[in-house]
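Reading the structure
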Amino acid sequence: MAAQKQKARATKVSKKKPEETRKLVPIFIMGQRYMVPGSLTIQKAMEYAGFQLVRGCGCRGGICGACGTVYRFPDSHRIEVGLACQTVVQPDMYLAQIPFFPANKAVYDIEKLSPTGSDVAKLYPEIFKCIGCNVCTKSCPMDIDVMEYVARAIRGDVAGVAELSFDCVMCGLCAARCPAEEAQYNFAILCRRLYGRHIAPRAKHLAERIREIEKGRFDRPLQNLMQTQHDKMVTLYKEREIEPDMADEDWTPGDARYV
Ligand code: SF4
Ligand code: SF4
Ligand code: FES
(Lines give C-alpha, C1' and ligand atoms only; values in the text may rest on other atoms or scores of the structure.)
(Ligands and ions follow the chains in the order given, each with its own letter.)
Protein backbone atom coordinates (compact mmCIF):
# COMPACT_ATOMS: atom_id res chain seq x y z
CA MET A 1 0.00 0.00 0.00
CA ALA A 2 2.90 2.33 0.86
CA ALA A 3 4.49 1.82 -2.54
CA GLN A 4 1.18 2.42 -4.32
CA LYS A 5 0.68 5.67 -2.50
CA GLN A 6 4.21 6.85 -3.27
CA LYS A 7 3.88 5.76 -6.90
CA ALA A 8 0.66 7.70 -7.23
CA ARG A 9 2.28 10.77 -5.76
CA ALA A 10 5.37 10.47 -7.97
CA THR A 11 3.21 10.08 -11.06
CA LYS A 12 1.30 13.15 -10.04
CA VAL A 13 4.43 15.26 -9.67
CA SER A 14 5.98 13.99 -12.91
CA LYS A 15 3.08 14.97 -15.17
CA LYS A 16 5.24 17.38 -17.09
CA LYS A 17 5.20 18.07 -20.82
CA PRO A 18 8.07 16.30 -22.68
CA GLU A 19 9.87 19.58 -23.40
CA GLU A 20 9.76 20.39 -19.67
CA THR A 21 11.29 17.05 -18.68
CA ARG A 22 14.19 17.43 -21.15
CA LYS A 23 14.96 20.93 -19.95
CA LEU A 24 17.68 21.53 -17.38
CA VAL A 25 16.42 23.23 -14.26
CA PRO A 26 18.36 24.86 -11.41
CA ILE A 27 18.23 23.26 -7.97
CA PHE A 28 20.24 24.01 -4.83
CA ILE A 29 21.83 21.19 -2.85
CA MET A 30 23.26 22.26 0.49
CA GLY A 31 23.34 25.82 -0.86
CA GLN A 32 25.20 25.00 -4.10
CA ARG A 33 23.45 25.56 -7.47
CA TYR A 34 23.27 22.70 -10.00
CA MET A 35 21.55 22.36 -13.38
CA VAL A 36 19.75 19.00 -13.67
CA PRO A 37 17.16 17.46 -16.05
CA GLY A 38 13.66 18.40 -14.95
CA SER A 39 12.43 14.81 -15.22
CA LEU A 40 14.66 13.40 -12.47
CA THR A 41 13.74 12.56 -8.93
CA ILE A 42 15.67 14.43 -6.26
CA GLN A 43 17.78 11.32 -5.68
CA LYS A 44 18.70 10.92 -9.33
CA ALA A 45 19.29 14.66 -9.68
CA MET A 46 21.79 14.51 -6.80
CA GLU A 47 23.63 11.70 -8.55
CA TYR A 48 23.50 13.64 -11.84
CA ALA A 49 25.08 16.55 -9.95
CA GLY A 50 27.95 14.31 -8.88
CA PHE A 51 26.90 13.19 -5.38
CA GLN A 52 27.47 9.59 -4.43
CA LEU A 53 24.65 8.47 -2.14
CA VAL A 54 26.15 6.27 0.55
CA ARG A 55 23.68 7.36 3.27
CA GLY A 56 20.05 8.42 3.02
CA CYS A 57 19.39 6.03 0.18
CA GLY A 58 18.04 2.51 0.41
CA CYS A 59 15.21 0.92 -1.55
CA ARG A 60 14.78 3.71 -4.16
CA GLY A 61 11.15 2.67 -4.24
CA GLY A 62 9.35 4.67 -1.52
CA ILE A 63 9.44 1.89 1.05
CA CYS A 64 12.46 2.16 3.34
CA GLY A 65 12.09 5.79 4.41
CA ALA A 66 15.84 6.44 4.26
CA CYS A 67 15.64 9.44 1.95
CA GLY A 68 13.57 12.00 3.87
CA THR A 69 14.21 15.40 2.34
CA VAL A 70 13.14 18.95 3.16
CA TYR A 71 13.03 21.75 0.64
CA ARG A 72 11.61 25.15 -0.03
CA PHE A 73 11.30 27.61 -2.87
CA PRO A 74 12.74 31.14 -2.80
CA ASP A 75 9.32 32.80 -3.09
CA SER A 76 7.77 30.81 -0.26
CA HIS A 77 8.24 30.58 3.50
CA ARG A 78 6.90 27.00 3.49
CA ILE A 79 9.09 24.05 4.34
CA GLU A 80 8.06 21.19 2.04
CA VAL A 81 8.90 17.53 2.59
CA GLY A 82 9.24 14.47 0.39
CA LEU A 83 11.08 11.25 -0.20
CA ALA A 84 14.05 11.94 -2.47
CA CYS A 85 13.49 8.74 -4.46
CA GLN A 86 9.87 9.65 -5.24
CA THR A 87 9.77 13.41 -5.62
CA VAL A 88 10.60 14.96 -8.98
CA VAL A 89 12.74 18.09 -8.95
CA GLN A 90 11.24 21.49 -9.57
CA PRO A 91 13.08 24.68 -10.54
CA ASP A 92 14.77 26.54 -7.67
CA MET A 93 14.23 23.88 -5.03
CA TYR A 94 16.52 24.42 -2.05
CA LEU A 95 17.20 20.91 -0.81
CA ALA A 96 18.54 19.35 2.36
CA GLN A 97 18.35 15.67 3.20
CA ILE A 98 17.69 14.21 6.63
CA PRO A 99 19.24 10.76 6.36
CA PHE A 100 18.76 9.86 10.02
CA PHE A 101 17.00 11.59 12.88
CA PRO A 102 17.77 10.44 16.43
CA ALA A 103 14.64 9.62 18.41
CA ASN A 104 13.76 7.74 21.57
CA LYS A 105 13.67 4.02 20.80
CA ALA A 106 12.52 1.78 23.64
CA VAL A 107 13.86 -1.73 24.16
CA TYR A 108 11.20 -4.31 25.01
CA ASP A 109 10.15 -7.93 24.85
CA ILE A 110 6.91 -7.99 22.86
CA GLU A 111 5.87 -11.25 24.57
CA LYS A 112 5.85 -9.52 27.96
CA LEU A 113 3.81 -6.48 26.91
CA SER A 114 0.04 -6.09 26.83
CA PRO A 115 -1.80 -4.39 23.96
CA THR A 116 -3.73 -2.09 26.30
CA GLY A 117 -1.92 1.18 25.75
CA SER A 118 -0.54 1.48 29.27
CA ASP A 119 2.65 -0.33 28.24
CA VAL A 120 3.02 2.00 25.27
CA ALA A 121 2.70 4.96 27.65
CA LYS A 122 5.29 3.46 30.02
CA LEU A 123 7.81 3.03 27.22
CA TYR A 124 7.01 6.33 25.51
CA PRO A 125 5.70 8.68 28.24
CA GLU A 126 6.44 11.67 25.99
CA ILE A 127 3.26 10.92 24.01
CA PHE A 128 1.40 13.01 26.63
CA LYS A 129 3.49 16.06 25.77
CA CYS A 130 1.74 16.47 22.40
CA ILE A 131 0.40 20.01 22.03
CA GLY A 132 -1.80 19.21 19.04
CA CYS A 133 0.02 21.50 16.59
CA ASN A 134 -0.43 19.09 13.63
CA VAL A 135 3.08 19.78 12.27
CA CYS A 136 3.74 16.02 12.22
CA THR A 137 0.79 15.42 9.90
CA LYS A 138 1.89 18.24 7.60
CA SER A 139 5.44 16.83 7.55
CA CYS A 140 4.48 13.30 6.58
CA PRO A 141 5.38 12.36 2.97
CA MET A 142 3.00 9.40 3.23
CA ASP A 143 0.00 11.64 3.98
CA ILE A 144 -0.63 9.89 7.29
CA ASP A 145 -2.71 11.68 9.90
CA VAL A 146 0.13 11.45 12.40
CA MET A 147 -1.42 13.75 15.01
CA GLU A 148 -4.51 11.55 15.05
CA TYR A 149 -2.48 8.40 15.71
CA VAL A 150 -0.64 10.24 18.50
CA ALA A 151 -4.08 11.05 19.95
CA ARG A 152 -5.08 7.39 19.66
CA ALA A 153 -1.87 6.38 21.48
CA ILE A 154 -2.76 8.79 24.27
CA ARG A 155 -6.22 7.18 24.47
CA GLY A 156 -4.62 3.72 24.62
CA ASP A 157 -6.13 2.68 21.29
CA VAL A 158 -3.33 0.34 20.15
CA ALA A 159 -5.33 -1.14 17.25
CA GLY A 160 -6.25 2.37 16.08
CA VAL A 161 -2.60 3.47 16.02
CA ALA A 162 -1.62 0.29 14.17
CA GLU A 163 -4.28 0.85 11.54
CA LEU A 164 -3.62 4.55 10.98
CA SER A 165 0.18 4.26 10.93
CA PHE A 166 0.24 1.25 8.60
CA ASP A 167 1.84 3.17 5.69
CA CYS A 168 4.63 4.68 7.84
CA VAL A 169 8.06 4.30 6.20
CA MET A 170 9.96 5.44 9.34
CA CYS A 171 11.50 8.45 7.58
CA GLY A 172 11.60 10.49 10.80
CA LEU A 173 10.34 13.74 9.24
CA CYS A 174 7.51 13.99 11.77
CA ALA A 175 9.90 13.64 14.72
CA ALA A 176 12.34 16.11 13.18
CA ARG A 177 9.79 18.92 13.41
CA CYS A 178 7.84 17.98 16.54
CA PRO A 179 8.04 20.64 19.27
CA ALA A 180 7.13 17.99 21.89
CA GLU A 181 10.08 15.78 20.92
CA GLU A 182 7.90 12.78 20.19
CA ALA A 183 9.18 9.61 18.52
CA GLN A 184 5.96 9.06 16.57
CA TYR A 185 7.16 6.32 14.26
CA ASN A 186 8.81 4.33 17.06
CA PHE A 187 5.70 4.05 19.24
CA ALA A 188 3.62 3.50 16.12
CA ILE A 189 5.68 0.45 15.17
CA LEU A 190 5.40 -0.77 18.75
CA CYS A 191 1.60 -0.58 18.38
CA ARG A 192 1.72 -2.47 15.09
CA ARG A 193 3.88 -5.14 16.72
CA LEU A 194 1.48 -5.36 19.69
CA TYR A 195 -1.42 -5.62 17.28
CA GLY A 196 0.29 -8.35 15.27
CA ARG A 197 1.33 -10.33 18.35
CA HIS A 198 -1.67 -9.94 20.64
CA ILE A 199 -4.75 -8.67 18.74
CA ALA A 200 -4.77 -9.83 15.11
CA PRO A 201 -6.33 -13.25 14.52
CA ARG A 202 -3.81 -16.03 13.88
CA ALA A 203 -3.42 -17.08 10.26
CA LYS A 204 -4.26 -20.80 10.04
CA HIS A 205 -2.40 -21.30 6.75
CA LEU A 206 0.78 -19.86 8.31
CA ALA A 207 0.61 -22.32 11.20
CA GLU A 208 0.09 -25.17 8.71
CA ARG A 209 3.10 -24.08 6.64
CA ILE A 210 5.30 -23.89 9.76
CA ARG A 211 4.24 -27.43 10.66
CA GLU A 212 5.20 -28.58 7.15
CA ILE A 213 8.60 -26.91 7.43
CA GLU A 214 9.20 -28.51 10.83
CA LYS A 215 8.26 -31.91 9.43
CA GLY A 216 10.93 -31.48 6.73
CA ARG A 217 8.75 -31.09 3.64
CA PHE A 218 11.23 -28.65 2.08
CA ASP A 219 14.50 -30.21 3.28
CA ARG A 220 15.15 -32.30 0.16
CA PRO A 221 14.51 -29.55 -2.46
CA LEU A 222 16.62 -27.13 -0.41
CA GLN A 223 19.48 -29.60 -0.24
CA ASN A 224 19.21 -30.16 -3.99
CA LEU A 225 19.45 -26.42 -4.60
CA MET A 226 22.46 -26.10 -2.32
CA GLN A 227 24.25 -28.79 -4.29
CA THR A 228 23.44 -27.29 -7.69
CA GLN A 229 26.33 -25.85 -9.72
CA HIS A 230 26.41 -22.10 -10.25
CA ASP A 231 25.65 -22.17 -14.02
CA LYS A 232 22.74 -24.52 -13.56
CA MET A 233 21.47 -22.32 -10.73
CA VAL A 234 21.58 -19.26 -13.00
CA THR A 235 19.59 -21.15 -15.66
CA LEU A 236 17.04 -22.31 -13.10
CA TYR A 237 16.67 -18.77 -11.85
CA LYS A 238 16.20 -17.33 -15.34
CA GLU A 239 13.69 -20.00 -16.30
CA ARG A 240 11.68 -19.83 -13.09
CA GLU A 241 7.95 -19.29 -13.44
CA ILE A 242 6.94 -15.79 -12.41
CA GLU A 243 3.49 -14.75 -11.32
CA PRO A 244 2.08 -12.57 -14.14
CA ASP A 245 1.16 -8.97 -13.49
CA MET A 246 -2.52 -8.66 -12.57
CA ALA A 247 -2.79 -12.41 -11.98
CA ASP A 248 -5.98 -13.78 -10.44
CA GLU A 249 -5.95 -14.18 -6.68
CA ASP A 250 -6.05 -17.96 -7.02
CA TRP A 251 -3.09 -18.10 -9.45
CA THR A 252 -0.74 -21.02 -8.80
CA PRO A 253 2.45 -21.98 -10.67
CA GLY A 254 2.46 -24.91 -13.11
CA ASP A 255 4.72 -26.83 -10.73
CA ALA A 256 2.69 -26.61 -7.53
CA ARG A 257 4.51 -29.37 -5.61
CA TYR A 258 5.65 -27.01 -2.87
CA VAL A 259 2.77 -24.58 -2.75
S1 SF4 B 1 4.17 17.63 15.90
FE2 SF4 B 1 4.40 16.74 17.93
S3 SF4 B 1 3.31 18.15 19.29
FE4 SF4 B 1 2.63 18.63 17.20
S5 SF4 B 1 0.76 17.36 16.94
FE6 SF4 B 1 2.48 16.15 16.18
S7 SF4 B 1 3.10 14.90 17.94
FE8 SF4 B 1 1.82 16.57 18.74
S1 SF4 C 1 4.58 8.99 10.28
FE2 SF4 C 1 6.53 10.10 10.49
S3 SF4 C 1 8.11 8.55 10.17
FE4 SF4 C 1 6.18 7.70 9.38
S5 SF4 C 1 6.17 8.21 7.20
FE6 SF4 C 1 5.08 9.85 8.26
S7 SF4 C 1 6.63 11.41 8.69
FE8 SF4 C 1 7.72 9.52 8.16
S1 FES D 1 15.31 5.26 -0.83
FE2 FES D 1 13.85 4.04 0.27
S3 FES D 1 12.14 5.41 0.47
FE4 FES D 1 13.54 6.51 -0.76
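Note that this is a predicted model, so its numbers are computed, not measured.

Concerning the overall build of the chain
Check the secondary structure of the chain and you find 12 helices and 5 strands. Its C-alpha radius of gyration of 23 Å places the chain more than 25% over the 18 Å reference for a compact globule of 259 residues. The principal-axis extent of the C-alpha atoms belonging to the chain is close to 65 × 50 × 30 Å. At a minimum sequence separation of 6, the contacts of the chain that also span at least 24 residues come to 59%. Surface summary for the chain: the accessible area is close to 16400 Å², and the carbon and sulfur share equals 54%. If you average the places of the 37 positive and of the 31 negative side-chain charges in the chain, the two averages end up 4 Å apart.

Some words on the site of ligand 1
Among the 13 residues in the neighbourhood of ligand 1, the closest are listed as Cys130, Cys133, Asn134, Cys136 and Cys178. Each residue belonging to the shell around ligand 1 can be placed in one class, and the counts come to 9 nonpolar, 3 polar and 1 charged.

Some remarks on the packing of helix H6 (residues 146-155) against helix H9 (residues 184-199)
The interhelical angle for the contact between H6 and H9, taken along N-to-C directions, is 60°, at an axis separation of 11 Å. Viewed along their axes, H6 and H9 adopt a mutual orientation that is oblique. As H6 packs across H9, the resulting crossing turns out to be left-handed. Between H6 and H9, the contacting residues are Val146, Tyr149, Val150 and Ala153 on the first element and Gln184, Tyr185, Phe187 and Ala188 on the second. Looking at the contact of H6 with H9 residue by residue, the class counts come to 7 nonpolar, 1 polar and no charged.

As for the nonpolar core
Of all hydrophobic cores here, the largest spans 51 residues; its most connected members are Ile27, Ile42, Val89, Met93, Val146, Tyr149 and Phe187. If one sorts the elements of this core by residue count, H9 sits on top with 6 residues. Contacts of Phe187, omitting those with residues within four sequence positions, involve Val120, Tyr124, Ile127, Tyr149, Val150, Ala153 and Glu182.

Quick look at the site of ligand 2
Close to ligand 2 lie Cys140, Pro141, Met142, Val146, Tyr149, Cys168, Val169, Met170, Cys171, Gly172, Cys174 and Tyr185, which account for all nearby residues. Here the shell around ligand 2 is composed, by residue class, of 11 nonpolar, 1 polar and no charged.

Points about the environment of Pro26
Turning to its location among the elements, Pro26 is positioned in strand E1 (residues 24-29). The exposure class assigned to Pro26 is buried, which follows from its relative accessible area of 15%. Look past the residues within four positions of Pro26 in its chain and what remains in contact with it is Arg33, Tyr34, Met35, Gln90, Pro91, Asp92 and Met93.

Some points on the domain arrangement of the chain
Along its sequence, the chain is organised into domain 1 (21-97), domain 2 (110-199) and domain 3 (204-234). The gap between the C-alpha centroids of domain 1 and domain 3 is 43 Å.

Side note on the packing of aromatic side chains
Note on aromatic pairs: each is described by the distance of the centres and the angle between the planes. The tally for this structure, following the rule as stated, stands at 6 aromatic pairs. Centroid distance Tyr149 to Phe187: 6.2 Å. Interplanar angle 85°. Geometry classified as edge-to-face. On the criterion of sequence distance, the pair formed by Tyr149 in helix H6 and Phe187 in helix H9 is long-range, its members being 38 residues apart. Accessibility expressed as a relative area gives 1% for Tyr149, which makes it buried.

As for the sheet that holds strand E4 (residues 80-83)
Pairing within the open sheet is mixed, and its 5 strands lie in the order E2-E1-E5-E3-E4. Looking at which strands have only one partner, the edges of the open sheet turn out to be strand E2 (32-37) and E4. Across the sheet, the mean angle from the axis of one strand to that of its neighbour is 35°, orientation sign disregarded. Bridge count for strand E3 (residues 68-72) against strand E5 (residues 93-97) is 4 bridges, and the pairing is antiparallel. Opposite Val70, over in E5, you have Ala96 as the bridge partner.

With respect to a nonpolar patch on the surface
Where nonpolar side chains cluster on the molecular surface, the patch consists of Leu222, Leu225, Met233 and Leu236 and spans about 320 Å² of accessible area. Elements with a minimum of two residues in the nonpolar patch: helix H11 (219-226) and helix H12 (230-239). Topologically, Leu222 is positioned in helix H11.

Conventions adopted
Residues numbered from 1 in each chain as written. Chains lettered and ligands numbered in written order. Predicted model: local features only at pLDDT ≥ 70, side-chain atom pairs only at ≥ 80, totals over all residues. Heavy atoms only, no water. Helix = DSSP H or I, 4+ residues; strand = E, 2+ residues; numbered from the N terminus. Rg over C-alpha atoms; globule rule 2.2 N^0.38 Å. Contact = heavy atoms within 4.5 Å. Areas by Shrake-Rupley, 256 points an atom, 1.4 Å probe, with all protein chains shown as cover. Lys, Arg positive; Asp, Glu negative; His and termini not counted. Charge placed at Lys NZ, Arg CZ, Asp CG, Glu CD. Near = heavy atom within 4 Å. Nonpolar A, V, L, I, M, F, W, Y, C, P; charged D, E, K, R; others polar. Axes fitted to C-alpha atoms, helices over the stretch in contact; angles between N-to-C directions. Parallel < 35°, antiparallel > 145°, perpendicular 65-115°, else oblique. Left-handed = near helix turned anticlockwise from the far one by under 90°. Core = buried A, V, L, I, M, F, W, Y, C linked by side-chain atoms within 4.5 Å. Buried < 20%, exposed > 50% of the residue type's maximum accessible area, 1.4 Å probe, protein only. Domains from an automatic or database assignment. Phe/Tyr/Trp six-rings, centres within 6.5 Å; stacked < 30°, edge-to-face > 60°. Pairing = 2+ DSSP bridges. Patch = residues over 30% accessible without salt bridge, like charges linked within 9 Å, V, L, I, M, F, W, Y side chains within 5 Å. Salt bridge = Lys/Arg side-chain N within 4 Å of Asp/Glu carboxyl O.

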